[in-house]
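# A closer look at the structure
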Amino acid sequence: MTSLIGNTRRVLAATTVAAVGGLALVVAPATAAPSTGPVIAEVYGGGGNSGATLTQDFIELATIGTAPADLAGMSVQYLPGSPSASSRWQATPLSGAIVPGSRYLVAEAKGSGGTVALPEPDASGSIAMAAASGTVALVTGATPLTCLTAADCAADSRIVDLVGYGSAVVRETSPAPAASNTTSVARTTLVDTDDNSADFAAGEPTPLNSAGEGPGGPATEPLDTRIHDVQGTTRLSPLTGKAVRVPGIVTAIRAFGSARGFWLQDPEPDNDPRTSEGLFVFTGSVTPSVAVGDAVTVAGTVAEYRPSSGYQTTTQLTGATWTTSSRGNELPEAVVITEDTVPGEFVAQPGGSIEALPLQPEKYSLDFWEAHEGELVSVADVRTVSRSTDYNEVFVTTKPNERPSVRGGAMYLGYDQTNTGIVKIESLIPFSQRPFPQANVGDVLTGITSGPVEYDQFGGYTVMASVLGEVKDNGLKREVTRKQWGGELAVATYNVENLSALDEQAKFDELAGGIVDHLASPDVVTLEEIQDNNGPSGVNDGVVAADETLNRFVAAIVAAGGPRYEWRQIDPQDLTDGGQPGGNIRVGFLFNPARVSFVDRPGGDATTAVEVVGKRGKPQLSVSPGRVDPTNPAWEDSRKPLVGEFVFKGRTVFVVANHFASKGGDQAVHGINQPPTRSSEVQRLEQAKVLRTFVDKLLAADPGANIVVAGDLNDFQFSPTLRTLTEGGALTALIDTLPENQRYSYVYDGSSQVLDHLLVSRSLRKVDYDVVHINAEFAQQASDHDPQVVRFQPAN
């Protein structure tokens, strides 16, 4: 499974002033009863490190109770995030007490960097804590703990509170976000749920001692200001880290998940189109006690939530308190988004970060949405350009005439042709009241859809709908290609999305139906993402065979009325070809022996390179099936191409199955760096060079060789990868032979695009090519990729 930017989706988790990239390993959590007295309020391990402002690590305590919490005889203790058998807890003894509403500051190790000292600490130690990952415990007594696992620590009654951050093994339920040299992890509210990821967020360190002193002295009274002053005229608030107090009307509430809160909008806007009048007030895992229409004054600290490096931030208030002056007020009028509202140019291209650039909402679409961050907007009768996803979201276009696909999507046809009309829709309405609507590409979200604008790393700017339209089904049908004629060889390619023998029979049946009913039972099918017999459940178990997976697929095809295909593939070395850990995905061939023969030559294995050898003036493979230069560094942690020698009506045809490296690691098209860096492209370009070398050897041996290069190349038709393969006309990318509005096999974030390809040598005759749209546009899908097929007559 691949995408425009290659990010793995995540369920909405602890989204606060910073977030951890990736998902935590599931282990037994350290969960005692939630604390009601003293708790850990903040942890910072980057003091004195490179780039740090503060010179010293610290741990800050608070109390949830209503009476002073006695700390005499207690300690704070630290354990590395990934402890070994020899790891030991380090302890700092405490004394005194914490008064409700105040903080207790424990200074730890001082580094050689930084410029700002901590305020006078209430206790001091010398523990050098790691910046990114570790575990801190508040403990009864000063004797170092001995537990090294979450389960053992949960059983130790001396532990009063505990926080594991980053990749910490010892934590409560799941870890708090990773911190850094410039960020700490801190409680979002004084509520302890015994889930570190829900209770803590990463952000700017804010050490306070029991006297209320911070690094700059006593805490100051919040600044009375307005939301547009908080938002400012760039992507970052000029008041970040400051305590402010702002008035506004509550326009929407998020009452689920770990990123709860409400949106606030000023009913008295300024005259600057660059400054948003909306703001999100973050309350963590606690549902805020407000109602839509409340007029409130909110005090809190301005923070910029960045979901992960390279993405834009959301300006929000944290640690907020508020007073309500009236209820039932009319909401500020929503900004109505029409076909002409959003600018046609995507974003400035400074060759670096756009964060400090003044917004130009009249010129750039990304600036337009940023200038309305947190504000109410509305769309009406908009066309869906994606399926409704498994994450309860759908992408729509506000510009119906912007590069429409032949079936109602929005085409992505070049790095400089990002569709500015696309916006994502999610719902704030509880699914128990209204399930998220099911939509296919080309449907219409009818009526009004309205809500505040939020930035999300998965898809960019999003309308968080508190008013959600109804889906009108426009009747999109799954395509059916024609049957090949007697003299035509039909070769198809299909990414079957992590198919393993452990999958439900329904998945095999759906995929088999695609082969038989929609692809008309091609003679040869190259398969991508075939997993081993126990799929990702068998990490590090040594299983690499996929015979059970392939045999189940063949049986399902027969049951669907198709031919009894035979298959060929080569087992990879364990855990070397990427994909889901333990799944050992690979490429392979299905072929119908009643129509086409496979030339088997022994000797092919995971590390043996296939060679082109000549026989009576014609090329043949040294091994068949064989892998193309499998030990070349270009294939590191990636699938190796598989080439097979087929014979159809006495004519030899070479078919190469491919699954190039994914787009994982590429910067988002809507991120802060413009233009975004496509780092994954480097490996695919090297892979294309290796594959092209092999193709050139075949053509050198026989310029009229019949060659089909097929598979998920994970790249666009306009990419350097494809240019390398097609340079000089050696191969033709068949996607380029279609009209522009049909050039897609995948839909990502509302953009219909190409990742899968069929390329053929010039010798093939009467070529007939079809991308068969049966998956990517549909809410219900067997795979996230559409298959494609080419029918042709081989040369003599």
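Please refer to the structure higher up on the page.
## So, the overall build of the chain
Across its full length, the chain holds 8 helices and 46 strands. In terms of overall dimensions, the chain is globule-like: its C-alpha atoms have a radius of gyration of 29 Å, near the 28 Å expected for 796 residues. Its C-alpha atoms give the chain principal-axis dimensions of about 90 × 65 × 45 Å. Buried residues in the chain amount to 59% of all 796 residues. In the structure as shown, the chain presents an accessible area of about 29,000 Å², 52% of it carried by carbon and sulfur atoms. Both charge centroids of the chain, one from 57 positive and one from 92 negative side chains, sit 10 Å from each other.

## Some words on the sheet that holds strand 1 (residues 38-44)
A sheet is described by the order of its strands in space; here 6 strands give the open sequence 8-7-2-1-11-12, paired in mixed fashion. One side of each edge strand has no neighbouring strand; the edge strands of this open sheet are strand 8 (123-124) and strand 12 (200-203). With 4 bridges joining them, strand 11 (residues 184-187) and strand 12 adopt antiparallel strand pairing. What sits directly across from Val-185, in strand 12, is Ala-202.

## Observations concerning the pairing of strand 30 (residues 524-530)
Taken across its 7 residues, strand 30 has 7 buried, putting it largely inside the fold. Sheet analysis places strand 29 (residues 489-499) next to strand 30, joined by 6 bridges and oriented parallel. The residue bridging Val-491 from the neighbouring strand is Val-524, located in strand 30. On the question of chirality, the crossover connecting strand 29 to the parallel strand 30 by way of helix 5 (residues 505-518) is right-handed. Where strand 30 meets strand 32 (residues 586-591), 5 bridges bridge the pair, whose relative direction is antiparallel. The residue of strand 32 that forms the bridge with Val-525 is Leu-590.

## Re empty space enclosed by the protein
All chains considered together, the criterion is met by 4 cavities of 30 Å³ or more. For the largest cavity, the lining is made up of 21 residues, of which Phe-346, Thr-418, Asn-419, Ile-422 and Gly-459 are closest to its centre. The set of elements that each furnish at least two residues to the lining of the largest cavity consists of helix 4 (365-370), strand 25 (422-427) and strand 27 (460-465). Here the residues of the lining of the largest cavity sort into 11 nonpolar, 8 polar and 2 charged.

## A short note on helix 5
In this model, helix 5 (14 residues) spans 19 Å end to end at C-alpha, consistent with the 20 Å of a helix rising 1.5 Å per residue. Taken residue by residue, helix 5 has Lys-507, Phe-508, Leu-511, Ala-512, Gly-513, Gly-514, Ile-515, Val-516 and His-518 as its buried positions. Residues of helix 5 that are buried make contact with strand 29, strand 30 and helix 6 (547-559). Where helix 5 ends, the next residue or the one after it, Ala-520, has phi of about 60 degrees, a positive value.

## Details of the state of the cysteines
A full pass over the atoms with the stated rule returns 1 disulfide. The disulfide partner of Cys-147 is Cys-153, and the gap between their sulfur atoms is 2.1 Å. Handedness of the Cys-147-Cys-153 disulfide follows from its S-S torsion of about 95 degrees: it is right-handed. Overall, the relative accessible area of 6% leaves Cys-147 in the buried class. Note on Cys-153: relative accessible area 3%, which makes it buried.

## Topic: unusual backbone geometry
The linkage connecting Ser-624 with the following residue, Pro-625, adopts the cis geometry, with an omega of 0 degrees. Looking at the element boundaries, Pro-625 is found in the loop between strand 35 (618-621) and strand 36 (626-627). Located in the positive-phi region is Thr-173, a residue other than glycine, with phi close to 65 degrees. The topology assignment puts Thr-173 in the loop between strand 10 (159-165) and strand 11. Judged by its relative accessible area of 31%, Thr-173 is partly exposed.

## A few points about the nonpolar core
Judged by nonpolar contacts, the single largest core of 28 residues is most densely connected at Val-491, Phe-589, Phe-646, Val-708, Tyr-769 and Phe-792. Secondary-structure elements contributing two or more residues to this core are strand 29, strand 32, strand 37 (642-648), strand 38 (651-659), strand 40 (706-712), strand 44 (756-761), strand 45 (765-771) and strand 46 (788-793).

## Some details on the packing of aromatic side chains
Counting across every chain of the model gives 16 aromatic pairs. Ring geometry for Tyr-44 against Phe-58: centres 5.6 Å apart, planes inclined by 45 degrees, an arrangement best described as tilted. Of the two residues, Tyr-44 sits in strand 1 while Phe-58 sits in strand 2 (residues 56-63), which places them 14 residues apart along the sequence. Judged by its relative accessible area of 1%, Tyr-44 is buried. Overall, Phe-58 belongs to the buried group, its relative accessible area being 0%. Centroid distance Tyr-412 to Phe-718: 5.8 Å. Interplanar angle 70 degrees. Geometry classified as edge-to-face. With Tyr-412 in the loop between strand 24 (394-397) and strand 25 and Phe-718 in the loop between strand 40 and helix 8 (720-726), this pair connects stretches of sequence that are 306 residues apart. No difference in accessibility class separates Tyr-412 from Phe-718, as the two residues are buried.

## Looking at the environment of Ser-365
Relative to the helices and strands, Ser-365 is located in helix 4. Judged by its relative accessible area of 2%, Ser-365 falls in the buried class. If we skip the residues at most four places from it in the chain, Ser-365 touches Val-342, Pro-343, Glu-345, Phe-346 and Thr-420.

## Considerations on the environment of Pro-350
Locating Pro-350 in the fold gives a position in the loop between strand 21 (335-336) and strand 22 (352-353). On the basis of relative accessible area, Pro-350 is assigned to the partly exposed category, the value being 41%. On a C-alpha basis, the gap between Pro-350 and Asn-673 in space is 8.4 Å, while along the polypeptide they are 323 residues apart. If we ignore the near neighbours within four places in the chain, the residues touching Pro-350 are Leu-357 and Gln-674.

## Description of the pattern of salt bridges
Taken as a whole and judged by the stated rule, the model has 37 salt bridges. In this structure, Glu-60 and Arg-103 form a salt bridge, with 3.0 Å as the shortest nitrogen-oxygen distance. Taken together, the residues span a long stretch of sequence, with Glu-60 in strand 2 and Arg-103 in the loop between strand 6 (97-98) and strand 7 (104-110) at a distance of 43 residues. The class of Arg-103 is partly exposed, set by a relative accessible area of 22%. Residue Asp-571 pairs with Arg-586 through a salt bridge whose shortest N-O separation is 3.1 Å. Linking Asp-571 in the loop between strand 31 (566-569) and strand 32 with Arg-586 in strand 32, this pair joins segments that are 15 residues apart in sequence. Judged by relative accessible area, which is 28%, Asp-571 ranks as partly exposed. A single network of salt bridges, built from pairs that share partners, joins Asp-161, Arg-187, Asp-192 and Asp-199.

The rules behind the values
- Counting of residues starts from 1 at the beginning of each chain's written sequence and follows it residue by residue.
- Side-chain atom pairs in this predicted model are given and counted only at pLDDT of 80 or more, local residue features only at pLDDT of at least 70, and totals for whole chains, interfaces and linings cover all residues.
- The side-chain values count all of the structure's non-hydrogen atoms but skip hydrogen atoms and water molecules.
- Comment: elements are numbered from the N terminus, with helices defined as DSSP H or I runs of at least four residues and strands as E runs of at least two.
- In this treatment the radius of gyration is a C-alpha quantity, and the globule benchmark scales as 2.2 Å times the residue count to the 0.38 power.
- For every residue, the accessible area obtained with a 1.4 Å probe (protein chains only) is divided by the maximum for its type, and the residue is called buried under 20%, exposed over 50%, and partly exposed between those limits.
- Calculation of accessible area relied on Shrake-Rupley with a 1.4 Å probe; when residues are assessed, cover is drawn exclusively from the protein chains displayed.
- The charge count treats Lys and Arg as positive and Asp and Glu as negative. His and the chain ends do not count.
- Note that the charge is assigned to NZ on lysines, CZ on arginines, CG on aspartates and CD on glutamates.
- Two strands are said to pair when DSSP picks up at least two bridges between them.
- Looking down the strands as they point away from you, a crossover is right-handed if its path from the first strand over the helix to the second goes clockwise.
- Two kinds of site are reported from a 1 Å grid over the protein atoms alone, namely cavities, where a 1.4 Å probe fits but cannot get out, and pockets, open sets with protein on both sides within 12 Å along at least five of seven lines, and residues are called lining when an atom falls within 4 Å of a point.
- Grid points are joined across faces, edges and corners, and a volume is the space filled by probe spheres set on the points.
- Three residue categories are used. Nonpolar comprises Ala, Val, Leu, Ile, Met, Phe, Trp, Tyr, Cys and Pro, charged comprises Asp, Glu, Lys and Arg, and polar comprises the others, including Gly.
- Given a helix with a known number of residues, its expected span is that number minus one, times 1.5 Å.
- The contact definition used throughout considers only heavy atoms, calling two residues in contact when any of these lie within 4.5 Å.
- Cysteine sulfur atoms that come within 2.5 Å of each other are treated as a disulfide pair.
- Joining through side-chain atoms within 4.5 Å is the link that ties buried Ala, Val, Leu, Ile, Met, Phe, Trp, Tyr and Cys residues into a set, and such a set is a nonpolar core.
- Two rings from Phe, Tyr or Trp (for Trp, the six-membered ring) form a pair when their centres are within 6.5 Å of each other. A pair whose planes differ by under 30 degrees is stacked, one over 60 is edge-to-face, and the rest are tilted.
- Criterion for a salt bridge: a side-chain nitrogen of Lys or Arg within 4 Å of a carboxyl oxygen of Asp or Glu.

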